[in-house]
Amino acid sequence: MKKRKDKLWFVLFTFPLLFIFTTVVIIPFLFGIAYSFVKWDGIPANPKVFVGFDNFIQLFKDERFLSSAWHTVKFTVMAVISVNVLGLAFSLFVTAKLRVRNVARTLFFMPNLIGGLILGYIWQFIFTDVFGYLGQSTGLDGIFFNWLLDPQFSLYAIVIVFTWQVAGYTMIIYIAGLQGIPDELVEAAKVDGANVWHRLTKITLPLLMPAFTICLFLTLSGAFKIYDVNLSLTRGGPNNATEMFAMNIYNEIFAYGNYGLGQAKAVIFFLVVAVFTLTQVVMTKKREVQY
């Protein structure tokens, strides 16, 4: 009788969540896959023409889509490295025995509370006006200029903004991982004569692998799916030099009216993100150690 009541309570609390997830995620996802096999402009009154795999064949001939894929891969590699290196450095700093560690923890995390669109407009002002003023004042106009107008530097600008936003969040995860490392191991290493570098590379980093698994997954998927900062900071410019996966798909559907082709791109986008993130999780999981 008790087990039956427990099952009823379980169903009662999980059914609303499952219903919402199915309605908001699963059903639209299945509809999206179905739409990827038709030619349609997204207007309900217009007919949907079944074209099979023509949309998928066409997208691989779309140079703009392939270019956005390459921009996304470059951005993701740089962003994942910068976010995790900076987040780990922040976590090591705020867990040290310093008086300002609580203030620093707050300041490092605060950018994560700002929405992506607002963040993009803030940094747009910095790159446009502040960098221009610094370039004129210091004479270093080869460094301080409007990066957003230069195709070679605009992608780096987005990396900086994304890193500034997300590094504080990864810092919190790394802090939890650092606090989970037994003090006895660190003290034993000190007694054995291990210096700071040896303790970091032989004890701290190996035992932080669960935190690395989480942070790499979050930053990898977040970098691939970036849209709001991309929209507010550069809108894909200049000359489509910063148009990412998500923005290309959005433009294909809502700007050009190619609903079927856009959905085909979204399906490929989903597969790419799934393959990269699952591969990363499997690889980092294998490197986790037990203590």
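- For the protein chain, the name recorded in an unreviewed UniProt entry is Sugar ABC transporter permease, with Paenibacillus apiarius as its organism.
- As its UniProt record puts it under Subcellular location (unreviewed entry), the protein chain is described as follows: "Cell membrane".
- Taken from UniProt, the Sequence similarities (unreviewed entry) comment for the protein chain reads in full: "Belongs to the binding-protein-dependent transport system permease family."

1. Digging into the UniProt feature "transmembrane region" (unreviewed entry) in the protein chain
- The positions UniProt marks with the feature "transmembrane region" (unreviewed entry) are residues 12-38, 75-95, 107-133, 153-176, 207-227 and 266-283.
- Secondary structure within residues 75-95 divides into 95% helix and 0% strand; the distance between the first and last C-alpha atoms comes to 30 Å.
- Secondary structure content for residues 207-227 is 81% helix and 0% strand, while the C-alpha to C-alpha distance between its ends is 34 Å.

2. Let's talk about the packing of helix H11 (residues 245-255) against helix H12 (residues 259-286)
- For the pair H11 and H12, interaxial distance at closest approach is 8 Å and the crossing angle is 160°. Accordingly, the angle class assigned to the pair H11 and H12 is roughly antiparallel. The element H11 and its partner H12 pack so that their crossing is left-handed. The residues of H12 that touch H11, namely those facing Phe245, Asn248, Ile249, Glu252 and Ile253, are Tyr259, Leu261, Gly262, Gln263, Lys265, Ala266, Phe269 and Val272.

3. Concerning the side chain of Asn251
- For Asn251, the location among the structural elements is in helix H11.
- With residues up to four places along the chain from it excluded, the contact list for Asn251 reads Arg64, Glu243 and Tyr256.

4. Quick word on the pattern of salt bridges
- Per the counting criterion, the structure on display carries three salt bridges.
- Here Asp62 makes a salt bridge to Lys265, at a shortest N to O gap of 2.9 Å. Of the two residues, Asp62 sits in the loop between helix H2 (54-59) and helix H3 (63-94) while Lys265 sits in helix H12, which places them 203 residues apart along the sequence.
- By relative accessible area, Asp62 is classed as buried at 19%.

5. A look at the UniProt feature "domain: ABC transmembrane type-1" (unreviewed entry) in the protein chain
- The sites that UniProt annotates as "domain: ABC transmembrane type-1" (unreviewed entry) are residues 69-280.
- A distance of 19 Å separates the end C-alpha atoms of residues 69-280, which is 75% helix and 0% strand.

6. Comments concerning the nonpolar core
- Counting residues in each nonpolar core, the largest one holds 23 residues, and the members touching the most others are Phe75, Phe127 and Phe162.
- Sorting the residues of this core by element identifies H3, helix H5 (116-138), helix H6 (154-179) and helix H10 (228-233) as the ones contributing at least two each.
- Per-element accounting of this core gives the leading share, seven residues, to H6.
- With near-sequence residues (within four places) excluded, Phe162 lies in contact with Phe75, Ala79, Val83, Thr219, Gly222, Ala223 and Ile226.
- By size, the runner-up hydrophobic cluster in this structure holds 17 residues, among which are Phe65, Phe224, Phe245 and Ile249.

About the cut-offs
Residues numbered from 1 in each chain as written. Predicted model: local features only at pLDDT ≥ 70, side-chain atom pairs only at ≥ 80, totals over all residues. Heavy atoms only, no water. UniProt positions renumbered as here; feature names shortened; annotations may be inferred. Helix = DSSP H or I, 4+ residues; strand = E, 2+ residues; numbered from the N terminus. Axes fitted to C-alpha atoms, helices over the stretch in contact; angles between N-to-C directions. Parallel < 35°, antiparallel > 145°, perpendicular 65-115°, else oblique. Left-handed = near helix turned anticlockwise from the far one by under 90°. Contact = heavy atoms within 4.5 Å. Salt bridge = Lys/Arg side-chain N within 4 Å of Asp/Glu carboxyl O. Buried < 20%, exposed > 50% of the residue type's maximum accessible area, 1.4 Å probe, protein only. Core = buried A, V, L, I, M, F, W, Y, C linked by side-chain atoms within 4.5 Å.

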